[in-house]
Amino acid sequence: MKITAIEKNKGSRYTIYVDDDYWYILDYELIVMNGLRVGLECDEAFLEDLRDQAERRKARERAFYLLEYRDHTRKELVDKLVKSVSPEIAEQTADRMEELGYLDDRKYAKKYAAVLLEQKKLSKRAALYKMQQKGIDRALAEEIFADMDIDPREQIRELIEQKYERYLVDRKGLQKTVSALMRLGYNYYDVKDVVREYYEEE
């Protein structure tokens, strides 16, 4: 097997041809590091090692780009990386991002829990579901919730005063409010008792 052509592609990337057939696209740095040149004799093991180096570089660059844009959970990052590299390389890249401190599920979970519970006023049950969708471990999510001083009835009161108090003037509005609060994951009895406070006042 022989490198028969190295053609300029975009930026610092070059298309590599082996025995006159397209083989792969490599970054210029990898070409220099591995001594690639037209006419170089190579074997399958050499080419596979080159491909592995390129995949790891691609995964690392993609990970840095994604994490610079916004924080991710480990699962989110791996799910995005496997679209362009193997699952093994995606997992190893995530390991490396954790070692470097760019990826931290606990830190992410604390921020996300605060958004869900304190800003969006979701119930803990609804917030737990959202966090698990992000790939946050259930035990970790519940541990973080336990450290937060959240009173579900107080959350319901705040939501009523912000959004629903104006509806509590008739039975139709009452039903609408109860349904909306239950869709946020609140316990029926908590909702009923708090809504009654406002409905009875009206």
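The following refers to the structure shown. (Residues numbered from 1 in each chain as written. Predicted model: local features only at pLDDT ≥ 70, side-chain atom pairs only at ≥ 80, totals over all residues. Heavy atoms only, no water.)

1. Overview of the sheet that holds strand β3 (residues 21-27)
Okay, step 1: Strand order in the open sheet formed by three strands is β1-β2-β3, with antiparallel pairing between adjacent strands. Bordering the open sheet on either side are β1 (3-8) and β3, each of which pairs with just one other strand. Neighbouring strand axes in the sheet, compared pairwise and without regard to direction, differ in orientation by 25° on average.
Okay, step 2: Taken together, the six bridges between strand β2 (residues 13-18) and β3 define a ladder with antiparallel strand orientation. (Pairing = 2+ DSSP bridges. Helix = DSSP H or I, 4+ residues; strand = E, 2+ residues; numbered from the N terminus. Axes fitted to C-alpha atoms, helices over the stretch in contact; angles between N-to-C directions.)

2. Things to note about the side chain of Thr73
Okay, step 1: Mapped onto the fold, Thr73 is located in the loop between α2 (44-69) and α3 (74-81).
Okay, step 2: Thr73 has contacts with Leu103, Asp105, Tyr108, Lys134 and Ile136, leaving out every residue within four places of it along the chain. (Contact = heavy atoms within 4.5 Å.)

3. A closer look at the packing of aromatic side chains
Okay, step 1: Evaluated as defined, the whole model comprises seven aromatic pairs.
Okay, step 2: Ring centres of Tyr17 and Tyr22 lie 6.4 Å apart, and the angle between their planes is 80°; on these two criteria the pair is classed as edge-to-face.
Okay, step 3: Summarising the aromatic geometry, the rings of Tyr108 and Tyr112 are spaced 5.9 Å apart at their centres and angled 45° between planes, so their arrangement reads as tilted. One end of the pair is Tyr108 and the other is Tyr112, both in helix α5 (residues 105-119) and four residues apart, which spans about a single turn.
Okay, step 4: Overall, Tyr108 belongs to the buried group, its relative accessible area being 11%.
Okay, step 5: With relative accessibility at 17%, the residue Tyr112 sits in the buried group.
Okay, step 6: Positioned over the ring face of Tyr14 is Lys8, at 5.5 Å from the centre of the ring.
Okay, step 7: Directly above the ring of Tyr112 sits Lys134, whose terminal nitrogen or CZ lies 5.5 Å from the centroid. (Phe/Tyr/Trp six-rings, centres within 6.5 Å; stacked < 30°, edge-to-face > 60°. Buried < 20%, exposed > 50% of the residue type's maximum accessible area, 1.4 Å probe, protein only. Lys NZ or Arg CZ within 6 Å of the ring centre and 35° of its normal.)

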